[in-house]
Amino acid sequence: MAKIRRLPEHLVNKIAAGEVVERPASAVKELVENALDADATAVTVDLRDGGAALIRVTDDGHGMTAEDLMLALERHATSKLGADEDLDAIATLGFRGEALPAICAVSRFTITSRPRELDEGTRIGGDGGVVTQRLTVPADPGTAVEIADLFYNTPARLKFVKSAATELATSLRTLTHLAVAHPAVRFRVSNNGRPVLTAPAARDLRERVGALWHHDVAARLLALDRTEHGVRVHGLAAPPDLHRGSRDDVMVVVNGRPVRDPGLSQAVLAAYRPMLPRDRFPLVALWISMPLVDVDVNVHPTKAWVRFRHPRLVHEMVIAALGETLRRQRTVVPTVTAPSREDASVAWPVEPRATSEDAQAPLFAETAAAYGRADLGRVLGQVQDTFVVAASEDEVFFVDQHAAHERVIYERLQSALDAGGTVSQELLFPEPLELAPAAVALLERWRAPLERLGFAFEGFGGHTIVLRAVPALLKGDEPRRLIEAAVDELSGPRGGEPVVDRALSFVACRAAIKANTILSGEEMERLVAELSATAAPYFCPHGRPTMSRISMNDVRREVKRVW
Ligand SMILES: Nc1ncnc2c1ncn2[C@@H]1O[C@H](COP(=O)(O)OP(=O)(O)OP(=O)(O)O)[C@@H](O)[C@H]1O
Ligand SMILES: [Mg+2]
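This structure is a prediction, so every number in the text was calculated from the model and none was measured.

Here we look at the overall build of the chain
If you tally the helices and strands in the chain, you get 19 helices and 24 strands. Looking at the chain residue by residue over its 563 residues, the buried ones come to 49%. The long-range share in the chain, meaning contacts at least 24 apart out of those at least 6 apart in sequence, stands at 69%.

Looking at the sheet that holds strand β10 (residues 231–237)
Remark on secondary structure: sheet strands pair via backbone hydrogen bonds, oriented parallel or antiparallel. Spatially, the 5 strands line up as an open sheet ordered β9-β10-β15-β12-β13, and their pairing is mixed. Strands at the two margins of the open sheet, each flanked by one partner only, are β9 (222–228) and β13 (257–259). Going across the sheet, the axis of each strand differs from the next one's by a mean of 20°, ignoring polarity. In this fold helix α7 (residues 205–213) packs onto β9, β10, β12 (250–254) and β15 (284–289), with an angle of close to 145° to the strand it touches most, β15. Contacts between helix α9 (residues 262–272) and the sheet are confined to β10, β12, β13 and β15, with β15 contributing the most and set at about 125° to the helix.

Observations concerning the pairing of strand β4 (residues 121–127)
Most of β4 sits inside the fold, with 5 of its 7 residues counted as buried. Bridge count between strand β3 (residues 108–114) and β4: 6 bridges; the pairing is antiparallel. When the bridges of β4 are listed, I111 appears paired with I124. Linking two consecutive strands that pair antiparallel, namely β3 and β4, is a turn of 6 residues. Summarising the sheet, β4 and strand β5 (residues 130–137) pair through 7 bridges and their orientation is antiparallel. Opposite G125, over in β5, you have Q133 as the bridge partner. Where β4 folds back on β5, the antiparallel hairpin that results is connected by 2 residues, among which G128 adopts a positive phi of roughly 55°.

A closer look at helix α16 (residues 479–490)
Helix length check: α16, at 12 residues, gives a terminal C-alpha distance of 16 Å against a target of 16 Å (1.5 Å per residue), a fit within 8%. Among the residues of α16, those classed as buried are P479, L482, I483, A485, A486, V487 and L490. Looking at the packing, one finds that the buried side of α16 touches β21 (424–434), α14 (437–445), α15 (447–452), β22 (456–458), β23 (464–471) and α17 (499–511).

Section: the site of ligand 1
If you check the shell around ligand 1, you find 23 residues, and the closest are N34, T78, S79, K80 and E98. One of the side-chain N or O atoms of N34 is found 2.7 Å from an oxygen atom in ligand 1. K80 places a polar side-chain atom, nitrogen or oxygen, 2.6 Å from an oxygen atom of ligand 1. Elements supplying a minimum of two residues to the shell around ligand 1: α2 (24–37) and α4 (99–105). For the shell around ligand 1, a count of residues per class yields 9 nonpolar, 8 polar and 6 charged.

Some remarks on the state of the cysteines
A full pass over the atoms with the stated rule returns 0 disulfides. Here C540 stays unpaired: no disulfide links it, and the sulfur of C509, its closest cysteine neighbor, is 7.7 Å away.

A closer look at the sheet that holds strand β19 (residues 387–391)
Taken in spatial order, the 4 strands make up an open sheet running β18-β19-β20-β24, and their pairing is antiparallel. Where the open sheet ends on each side, the last strands, each with one partner, are β18 (378–383) and β24 (547–551). Strand-to-strand twist of the sheet, defined as the mean angle between neighbouring strand axes without regard to direction, takes the value 20°. Strand direction decides the pairing type here: β19 and strand β20 (residues 395–400), joined by 5 bridges, are antiparallel. Bridge pairing in β20 places A391 opposite V396. Contacting β18, β19 and β20, helix α13 (residues 401–418) crosses the sheet at an angle of about 80° to β20. With respect to the sheet, helix α18 (residues 521–532) is in contact with β18, β19, β20 and β24, its orientation differing from that of β18 by roughly 120°.

Points about the environment of F151
Positionally, F151 belongs in the loop between β6 (142–148) and α5 (155–158). F151 sits in the buried class, given a relative accessible area of 2%. Sequence-wise, F151 and G128 are 23 residues apart; in three dimensions their C-alpha atoms are separated by 9.1 Å. In this structure F151 touches V21, E22, R23, P24, V106, R157, L158 and V161, once residues within four positions along its chain are discounted.

Observations concerning unusual backbone geometry
Look at F151: it is not a glycine, yet its phi comes out positive at around 70°. One non-glycine residue, N516, lies in the positive phi region at around 55°. Note that N516 resides in the loop between α17 and α18.

A look at the confidence of the model for the chain
Here the chain averages 84 in pLDDT, and 90% of its residues register 70 or above. Long-range and interchain partners of residues 330–372, a stretch whose pLDDT sits below 50, account for 68 contacts in this model, where long-range means more than four residues apart.

Comments concerning a nonpolar patch on the surface
The grouping of L7, L11 and I15 at the surface amounts to a nonpolar patch, some 250 Å² of accessible area in total. With respect to the helices, strands and loops of the structure, I15 is situated in helix α1 (residues 9–20). Judged by relative accessible area, I15 falls into the exposed class, the value being 52%.

Cut-offs applied
- Residues numbered from 1 in each chain as written.
- Chains lettered and ligands numbered in written order.
- Predicted model: local features only at pLDDT ≥ 70, side-chain atom pairs only at ≥ 80, totals over all residues.
- Heavy atoms only, no water.
- Helix = DSSP H or I, 4+ residues; strand = E, 2+ residues; numbered from the N terminus.
- Buried < 20%, exposed > 50% of the residue type's maximum accessible area, 1.4 Å probe, protein only.
- Contact = heavy atoms within 4.5 Å.
- Pairing = 2+ DSSP bridges.
- Axes fitted to C-alpha atoms, helices over the stretch in contact; angles between N-to-C directions.
- Expected span 1.5 Å × (residues − 1).
- Near = heavy atom within 4 Å.
- Polar contact = N/O pair within 3.5 Å; in protein donor to acceptor, adjacent residues only side chain to side chain.
- Nonpolar A, V, L, I, M, F, W, Y, C, P; charged D, E, K, R; others polar.
- Disulfide = S-S within 2.5 Å.
- pLDDT = per-residue confidence, 0-100.
- Patch = residues over 30% accessible without salt bridge, like charges linked within 9 Å, V, L, I, M, F, W, Y side chains within 5 Å.
- Areas by Shrake-Rupley, 256 points an atom, 1.4 Å probe, with all protein chains shown as cover.
- Salt bridge = Lys/Arg side-chain N within 4 Å of Asp/Glu carboxyl O.

Structural data, given as structure tokens:
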């Protein structure tokens, strides 16, 4: 029988490296994260052959003493985690003490470091995780890590390293994401001696994004900022006519950490979906901040994924924050038809990493939804008693009849309010309602906006209030159920929104045609015409899309492919 042996440390590290260091870009990411954790104000990355031959990361951070430097190469040695509790609230990018030993285990490495307080630095060097050299050297304050011949001793992994161009592109994506997360830090990146990314220390996100994506683009991005339930979503988002052929420029940062979270990307795309042609993606730089304990960063070996304690809340906040900004944009911009050629030329020169397949896309991409009046074309009919199908020259639309009608009513009510008030319907028999104290308090707080919308109440104080009138639009609703629904809706999670908007969207939602309702041809025509005339036809008042669209270009392309 085989005898069990304990593996030597360098072999353990080599095995661990398999998880932590997938490719050169993973090493770049870990080294730059270490620099950021060391409070560097400037990080320089020099690559050779996209990082496959050499990665050198130099920072001006707090550096390490000779003793710490030796420790840093040991597995599970970290300065970032002290007690058990710290694991529940991680504020640094690193926390496991894995990265450096893992990277050094599969490369030839040299690390030079000098803490600011000391006059001299220490340099250690070695290969395959074994230190063969240790010197005292003159050095600038900070740390420089040089990783040569990554995977030289793991041939299986080496085989997976792609062309220098592909590895460089991956590293640049990672670095761009880190640069978006840390605008105040200066980044300089070169490959084979040529500068490939330069981002001076920036005052804010827009300035940083300008250095990364071009200042023309940055100037067009819309700002968003929304805080609810201790979660803040803020950042910049492209207007819908500025889009790309890949989702690389959807950048989400959670508590300073760049993350790749499918749920979050879905949320971003969902907010844009109704306005973007298929296969086109927005540019978005989002910072999400929340209490550290509400996000678990210890769920994936490369730390690119996180787990939220309340994922739905976070996703909905992202959709709401983006939806709000995009809607606002649409109502401010006056009617402009399809983006002109000049707009296209703004999008074109800044498409930095277009690959050969999508290099042509911007030229042929259909225009995104034009601002102002939507051209939904001709109504063709209804499917599943829920979607009205319409087609223009360029697109086929599946309009969600409920969401669309909600939008129409919402805007109609809004103008009625602006003009002085909405139509109210007195109840023939005023309805006394027994309610829980919390519900009474809530209705009392909401009384003014509700009354402006056509409700009339009496007798606040006890458990019973009397409902005397309802908005004319809702006269068909059973009063008790209506009020219960209102209490439900008003106590829901959209606390940050203006009271009147919420009351408005509540009434609009109740009054709108429901799904699974057969509509006549005339009703469909009217709905589509009224929707096109709204200020924000693509969203219902809750921020959800009112329609899904298919581009005829895609249809033609697909059909051609088949034949
Ligand atoms: N550039 C640097 N400047 C200063 N200290 C550094 C630097 N790089 C690494 N260190 C020190 O070395 C330790 C080990 O680094 P390593 O990346 O292996 O682990 P970590 O960052 O603590 O956790 P993780 O494995 O999650 O990255 C760090 O905790 C830090 O104290
Ligand atoms: Mg680290």
